[in-house]
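# Understanding the architecture of this molecule
Residues per chain are reported as follows:
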Amino acid sequence: MSDNRDGGHPLQAGIIVLLLVGGGWYFFRNYNVDGLDGVRISSKENRPFDDLESPFTFTSSTEEGTTRYRGASIRGDDSLRPSTARPSSDFAVASDFEPDPIISSPSDIHSVSRVNSLSRRSRYAPAQLRVASWALDGFGPTKLASDLARKNLVRVIRQFDVIALQQISSLQMDLVPRMIDAINESSLGGGAPLYDYVLGPPTGPKDRGEQMAILFNPARVRVDRSQTYTVADPDNQMTYDPLVAWFRAAEPDEDLAWTFTMVNIRVDLSRAPREVALINQLFKSVREDGRGEDDVVIAGLFQADDAYLLPVVAGPQIRAAVTSTPTDIFGRHQTSNLLYDQGSTAEAIGRGGVYDFLRVYNLSAAQAQAVSSYLPVYAEFSPLEGSPLLHQATVPATTPR
């Protein structure tokens, strides 16, 4: 008869106990257990917020509102109103997300590696900034309540670091905050970026008033709210008052980060020739508004194509992000664009165009029109101040987003 015992050999039991004790010691030494609902285990090393630099005055706080009629003005005498800075320190950081193949260069396409340490990446070479503009064609509560419209709005906006929005209904003043809530709620748990906003006051005729907003990813750029204003236009030369905001790239060190002014403009179709003719003066007024910022990007609904815009705006250095390409979902007209002075804005890398979200998400024209009949337009810029060529010899290649 064999002498089998149910309890096993004492030496084997001792080894098992030692393994369990040693494994538990290693686990609690190297990992935290966060939360009770949906327990999440995270490493104690490489925590993303440990080494972030001071946000200076560029923040993502929504506590301060937009200042109306301060900074630049559109006047016959080209007079300017000074603005003063007020520091703030609130900021937020969001995780990486998968780049969209339509607006990414071939070198940007790769399998996503979830880089948890933004602070480590910020010390080297962050990805290019994608600056965009999108006319929302009367976006209001009805569109926001539509599951289809809201879904496509969210996933389009996520593709850009900064995006100027026009044609937002001003009937409900909480529409843009609700839009941001929809974007951020859908991002939770999925690793997509969280967004913040700069919002202008209602502008335009009472029977068709609108709001203009600039949405941005605070992990990629920070805004100085004390330098955000609506352009003064006492003579009502433009139907809709342009919105101006000052940004800084978030990831490079402060002394290396690109700073730029973004102007959100909406031209009235019935007065397009007259209002387009004011853009050159608008460029000058914003550039000379007292902040000393020479990098100005004018984004918006111009109601004109680049062949008309560039000669009217004047200056051989003015460049358009979109050339000879329709910007509506039907492929008929080019009405939206981004303009910048290539002479002063050396950070422009010459890449941009139209984001055809119909093709990206395989939508019909009717499905796309549920959001807007316009396509977003965009341009890419180096997040480092000065020409990208100046940094190639000293900055190692980045891990794309």
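Residues numbered from 1 in each chain as written. Predicted model: local features only at pLDDT ≥ 70, side-chain atom pairs only at ≥ 80, totals over all residues. Heavy atoms only, no water.

## Remarks on the overall build of the chain
Check the secondary structure of the chain and you find ten helices and 14 strands. In the chain, which comprises 401 residues, the proportion classed as buried is 50%. Once local pairs closer than 6 in sequence are excluded, the contacts in the chain between residues at least 24 apart make up 74%. (Helix = DSSP H or I, 4+ residues; strand = E, 2+ residues; numbered from the N terminus. Buried < 20%, exposed > 50% of the residue type's maximum accessible area, 1.4 Å probe, protein only. Contact = heavy atoms within 4.5 Å.)

## What about the packing of aromatic side chains?
The full count for this structure, using the stated rule, is eight aromatic pairs. Their ring planes at 90° and their centres at 5.6 Å tell us that F160 and Y355 sit as a pair that is edge-to-face. On the criterion of sequence distance, the pair formed by F160 in the loop between α4 (147-157) and β4 (162-169) and Y355 in the loop between β13 (348-354) and α9 (357-361) is long-range, its members being 195 residues apart. Geometrically, the ring pair formed by W258 and F260 is stacked, given 4.2 Å between the ring centres and 15° between the ring planes. With respect to burial, W258 and F260 carry one shared label: buried. A connected cluster of aromatic rings, assembled from ring pairs, spans F216, F247, W258, F260, Y340 and F381. Geometry around W246 places R291 over its ring, the cationic atom sitting 4.9 Å from the centre. (Phe/Tyr/Trp six-rings, centres within 6.5 Å; stacked < 30°, edge-to-face > 60°. Lys NZ or Arg CZ within 6 Å of the ring centre and 35° of its normal.)

## Remarks on the sheet that holds β4
On the basis of which strands lie adjacent, the open sheet formed by six strands has the order β5-β6-β4-β3-β14-β13 and mixed pairing. The open sheet is flanked by β5 (196-199) and β13, the only strands paired with a single partner. Taking each pair of neighbouring strands and ignoring which way they run, the sheet shows an average axis angle of 20°. Bridge count between β4 and strand β6 (residues 210-216): six bridges; the pairing is antiparallel. Bridge assignment links L165 to a residue of β6, and that residue is A213. Contacting β3 (129-139), β4 and β6, α4 runs over the sheet at an angle of about 160° to β3. (Pairing = 2+ DSSP bridges. Axes fitted to C-alpha atoms, helices over the stretch in contact; angles between N-to-C directions.)

## Here's the deal with a nonpolar patch on the surface
A grouping of L11, I15 and L19 is seen on the molecular surface, where their side chains present a nonpolar patch of about 330 Å² in accessible area. Here I15 shows up in helix α1 (residues 10-30). (Patch = residues over 30% accessible without salt bridge, like charges linked within 9 Å, V, L, I, M, F, W, Y side chains within 5 Å. Areas by Shrake-Rupley, 256 points an atom, 1.4 Å probe, with all protein chains shown as cover. Salt bridge = Lys/Arg side-chain N within 4 Å of Asp/Glu carboxyl O.)

## Points about the side chain of S226
Position of S226 among the secondary structure elements: in strand β7 (residues 221-230). Under the relative-accessibility criterion, S226 is labelled buried at 2%. Only 2.6 Å separates the side chain of S226 from the side chain of D224, close enough to count as a polar contact. (Polar contact = N/O pair within 3.5 Å; in protein donor to acceptor, adjacent residues only side chain to side chain.)

## Overview of the side chain of R225
Looking at the secondary structure, you find R225 in strand β7. Judged by relative accessible area, R225 falls into the buried class, the value being 9%. A distance of 3.3 Å separates polar atoms of two side chains, one belonging to R225 and the other to D196.

## Here's the deal with helix α8 (residues 306-313)
The complete set of buried residues in α8 reads D306, L309 and V313. Buried residues of α8, viewed axially, fall in a sector of 65°; they line one side. Residues A307 and P311 are exposed on α8 and point more than 90 degrees away from its buried face. Against α6 (272-276), α7 (279-287), β11 (318-320) and β12 (336-341) lie the buried residues of α8. At the exit of α8 stands A314, carrying a positive phi of roughly 75°. (Arc of directions from axis to C-beta.)

## Topic: the sheet that holds β11
Paired through backbone hydrogen bonds, the strands of a sheet run either parallel or antiparallel to each other. Strands sit in the order β7-β8-β9-β10-β12-β11 across an open sheet of six strands; the sheet is mixed. What marks the edges here is a single partner per strand, and that holds for β7 and β11. Each strand axis lies, on average, 25° off the axis of its neighbour in the sheet, ignoring direction. Both β11 and β12 contribute to a ladder of three bridges, which runs antiparallel.

## Description of the confidence of the model for the chain
Per-residue pLDDT for the chain has a mean of 76; in total, 68% of the residues score no lower than 70. Averaged over each element, pLDDT in the chain is lowest for helix α2 (residues 118-122) (37) and highest for strand β9 (residues 259-266) (98). Segment residues 391-401: pLDDT under 50, and 26 contacts once partners within four positions in sequence are set aside and those in other chains are kept. (pLDDT = per-residue confidence, 0-100.)

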